[in-house]
Structure formats: structure tokens, C-alpha cells
Amino acid sequence: MDHKLYETFDSIHAESALVAHTRAAMGAAGRVRNRGRMRVAAVAACLAVLLVGSGGWVYMTPVSAINIETNPPIELGVNRFDRVVSVSGGDTLQSEDGIKFSSYEDAVDQILSDPGLADVPELSIAVTGGSEMLNSVENCASAHRNVYCCSGSEEELAAAEAAGLPLGKYQMLLALQAFDPSITVQQVAGMTMRQLRDELALLSGETDENAGYQGQGNGYGTGDGSGNGYGTGDGSGNGYGTGDGSGYGYGTSNGGHHSEKHHSE
Amino acid sequence: MRSEQEADRALRLYADTVRRICMIHLKNYADTEDIFQTVFLKYLVSSTAFASEEHEKAWFIRVTLNACKDLLGSFFHSRTLPLSEVMLQPAAQEAEHQEVLEAVLSLPEKFRDVLYLHYYEGYTAPQMAKILKKNVNTIYTLLGRAKDRLKAKLEEDGYGSQTV
């Protein structure tokens, strides 16, 4: 009986149609599963691209600008994370490396320290990023001589560019024109910020001190004791401070020009 | 998820085993096809790692038995009678085999399993106890009774009394 039973069971085989159907069903199931996986992978890839793209866009979009009025002017685009994301017109710089993607304070510092700008007599920096950025840039600029910072809106900056003036000078032009409409762009362009400020002070009848404009380049000496000098004169005036202590000199003149000397130890 | 090659290999190796178990449990071809595909699709998506081919074969037997029981025990199945019921399952063409098969199929399910596993697959009682999740002694008892019942059935049918 054992043998008969074995033979009986052995005579049963899976029909070829049954095997073929099952093979087809398994193939279809595998494809559906693979298709599902591919779909998931595709969606994940799209999301990743979208995330990276939008993140990159947010990072790479400048929201404010710092214009350094060299010739040609250097314009730094600053993103919302206070990083420099674009540098244009940096031909006068000897090294542009390290400016991009650094914080704008570092970038301004690096540009101002650039040997290519050492012989530039006067620099104007225009900022469109609000007072916080202006303060930071002023902090950077305070270590350098004859650097003037000012802040303005995009529109002012555009108008200044249209007039061919740095923003600081353009603002001065507007201020001067309020007193003397005959002042032209050319006149302003030929003067330094210092001269412009003196001019404005003269026109407005105010002294440099309370004119409301601050310029780097005033000399400060610190130390023990104090000493200061103050001089006025017709035609020319100069003031200087000497001493072991802090000296602060300034002068005003009716002649429109003045010189100053500072000595500090 | 197993590869298509793996699925194909399993189909070649275990198609007959699964078909035979379906044969001794199911009454119509539609159910057989259903269970057959269910078992192999289960294999396709299963992540079970098999230690050996024997292990794999035992897995197929266990899964097929469970699938058959699930189908037969389902409410829908127990309350309906498919039209194809009248169609005899194909296979077992020879008259001699047909008679033996009919005798086996006339036995209760628990006897059919042990007869198949012992006489065809060659499993011992302890191995069957593992696969069927039963006590070894129960298997011995079932096997003894199954043999007796089959013998009686075949004699009753007048089939080869001299060979039984």
C-alpha cells in the first residue's frame, strides 16, 4: 500500500496552466511593488530637489546690498543670513577669495584692508540693509581712515547711481540743494565727503559737530590727562588737539576749507 | 520581497508539493488556483530566511495547509457552493491512481495530511508533529488510524485486496 500511495501522490502534478498563471501573477506583483517603490523614490527625489532648490534660492537671494564706491564700485549682495552671496565689480581688489559666503562684516573688513584700496583717498560705503547693517559696517569702517558710511533705500541707491554719485554724496547733494539749488552734480562729484559736510555745515549755519553727520577720520587720542585745541579763523581755520591725554580737534572756517591735525600718543 | 529568479526557482521546486496538498484538501480547481497563487505570492513577499531547502519545503507545506484551512473555514466558503464544484479536479489520470486518490480523499482531513506527509514526503512522526503542530503521539495515533481506515476503504471498494 505504501508504494501505491506514493505512486498516487506522485501522479499529481501542478498543471502547466496553473504554474503559468502563478508565474504571471508573481511577475505582476513584483512589478506593482517595484512601481510603487519607484514612485516613492521619484516623489522623494522631487521633494529633495524642491527642498534643496528652495533652500538654495533662499540662501542665494540677496536681500540687501553694500556698495563700496571705488572705481568701479564694488557691490556686495547680502542674503537674509547676513552672508555675502554676490560680489560685482571687484576688479580693483587684489583678492576676492573668501569674500563670497563670508559674513558681510568680514567681507567689508577684508575689502577695506585690501592693498588695492590703500591709495584711494576717500571711500564711501552705502548700505541698504537698515540701521543694524549700517552700524556693523560703520564698526568695520571705523578702523580705516576716510571711509564714510551711509544708509539708504533701494530707490535712493538707484537714484544715486543714475546721478553717477555714491549714495553718501547723493544724499549730501540733496541736502545741499535744499539750501542752495544751484549746486550741481558735477560740483558735488568733485568734492570729498569732508568738504561736502563742511559745505553743508556752512550753508546750514551749523558746525560740524551738530550737523548730524558723522564721518570717520576725526582723530581721537586717548591717554591720561587732557588737552585740546580749538581754533577758528577767517579764511582758514584749523584745530588740533595735543597732549598726553585725549585730544579732539576740529575746526570750522568760513572759507569752506579747513585742515586739521591730530596728535595723540 | 524576493527576486523574480527566486520566485521562479521556488515555483519549479515546490509547485507539485503545493498542488498535492491542495488536491487532498480542496474540492475544486478554482480554489486550488486561488490557494496556489496565494502561497507563492506569500513566498514572494516573505522575508523569512531559510536555513535549508528542507526548511523551505516545510515552510511551503505549512503555509499551504494553513491557507487551505483558512479557505475551508471561511464563512463565505462554508455557505456557498461554487458551480465548479461539479467539475472533477484534473490530475491522477490513471484509474488505479484515481481509486486510491478517491479513497484518500474520502478520509477525514487529519488523516489525509499524515498519509501524504508520511507516505509521499517521507516525514517521520516527530517531523510531522512539528509541521502540523501536534503531539508526536497524536501523530502516531493518527497515522495508525489513517492506515487502517484507508485499508478498510480500499478493501470495501474491492481494490486490489491482495496488494493492500
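Our subject is the structure that appears above.
About the cut-offs
Residues numbered from 1 in each chain as written. Chains lettered and ligands numbered in written order. Predicted model: local features only at pLDDT ≥ 70, side-chain atom pairs only at ≥ 80, totals over all residues. Heavy atoms only, no water. Pairing = 2+ DSSP bridges. Helix = DSSP H or I, 4+ residues; strand = E, 2+ residues; numbered from the N terminus. Contact = heavy atoms within 4.5 Å. Buried area = accessible area lost by both parts, 1.4 Å probe. Salt bridge = Lys/Arg side-chain N within 4 Å of Asp/Glu carboxyl O. Expected span 1.5 Å × (residues − 1). Buried < 20%, exposed > 50% of the residue type's maximum accessible area, 1.4 Å probe, protein only. Axes fitted to C-alpha atoms, helices over the stretch in contact; angles between N-to-C directions. Left-handed = near helix turned anticlockwise from the far one by under 90°. Nonpolar A, V, L, I, M, F, W, Y, C, P; charged D, E, K, R; others polar. Core = buried A, V, L, I, M, F, W, Y, C linked by side-chain atoms within 4.5 Å. Domains from an automatic or database assignment.

## Re the pairing of strand β3 (residues 84-88) of chain A
Residues and elements named next belong to chain A.
Working step 1: By the bridge criterion, four bridges tie strand β2 (residues 74-78) to β3 in an arrangement that is antiparallel. Each bridged residue has a counterpart across the sheet, and for valine 78 the counterpart in β3 is valine 84.
Working step 2: Here β2 folds back onto β3, and the loop between the two strands holds five residues, one of which, aspartate 82, carries a positive phi near 60°.

## What to know about the interface of chain B and chain A
Working step 1: Contact with chain B, which involves 40 residues of that partner, is made by 26 residues of chain A.
Working step 2: When chain B packs against chain A, close to 3,100 Å² is buried across both sides, 69% of that on carbon and sulfur atoms.
Working step 3: Contact with chain A buries area across many residues of chain B, yet Met1, Tyr119 and Tyr120 of chain B alone supply 19% of it, more than any other trio.
Working step 4: On inspection of chain B and its partner chain A, the count reaches three salt bridges.
Working step 5: Notably, a salt bridge pairs arginine 23 of chain A with aspartate 8 of chain B, separated by 2.5 Å at the nearest N-O pair.
Working step 6: Among the elements that take part in the side of chain B that touches chain A, helix α1 (residues 4-25) of chain B stands out by supplying 10 residues, more than any other.

## Description of helix α8 (residues 193-204) of chain A
Working step 1: If you check α8 of chain A, its first and last C-alpha atoms are 16 Å apart, about what 12 residues at 1.5 Å a residue would give, namely 16 Å.
Working step 2: By the burial criterion, the buried members of α8 of chain A are Met193, Arg194, Leu196, Arg197, Asp198, Leu200 and Ala201 of chain A.

## Brief notes about the packing of helix α2 (residues 16-60) of chain A against α1 of chain B
Working step 1: Running from N to C, α2 of chain A and α1 of chain B cross one another at 145°; their axes reach a closest spacing of 11 Å. In this structure, α2 of chain A crosses over α1 of chain B, and the sense of that crossing is right-handed. Across from Leu18, Val19, Thr22, Arg23, Met26 and Gly27 of chain A in α2 of chain A, the residues of α1 of chain B making contact are Glu4, Ala7, Asp8, Leu11, Ala15 and Arg19 of chain B.
Working step 2: Looking at the contact of α2 of chain A with α1 of chain B residue by residue, the class counts come to six nonpolar, two polar and four charged.

## Here we look at the nonpolar core
Working step 1: Ranked by size, the top nonpolar core spans 33 residues in total, and within it Leu5 and Phe9 of chain A together with Val114, Leu117 and Leu150 of chain B carry the most contacts.
Working step 2: Mapped by element, the contributors of at least two residues to this core are α1 (2-10) of chain A together with α1, α3 (53-73), α5 (95-106), α6 (109-120), α7 (125-132) and α8 (136-156) of chain B.
Working step 3: Ranked by residue count, the leading element in this core is α6 of chain B, at seven residues.
Working step 4: When residues of this core are assigned to domains, at least three fall in each of domain 1 (1-89) and domain 2 (92-158) of chain B.
Working step 5: Core analysis: the second largest hydrophobic core is formed by 24 residues, Leu18 and Met26 of chain A together with Val18 and Phe60 of chain B among them.

## A closer look at the sheet that holds strand β5 (residues 147-151) of chain A
All names here are of chain A.
Working step 1: Within the open sheet, the five strands sit side by side as β3-β2-β1-β4-β5. Their pairing is mixed. Of all strands in the sheet, those bounded by a partner on one side alone are β3 and β5. Strand-to-strand twist in this sheet, taken as the mean axis angle between neighbours without regard to direction, amounts to 15°.
Working step 2: Along the sheet face, helix α4 (residues 130-141) touches β1 (64-68), β2, β4 (123-127) and β5 and points at about 175° away from the line of β5.

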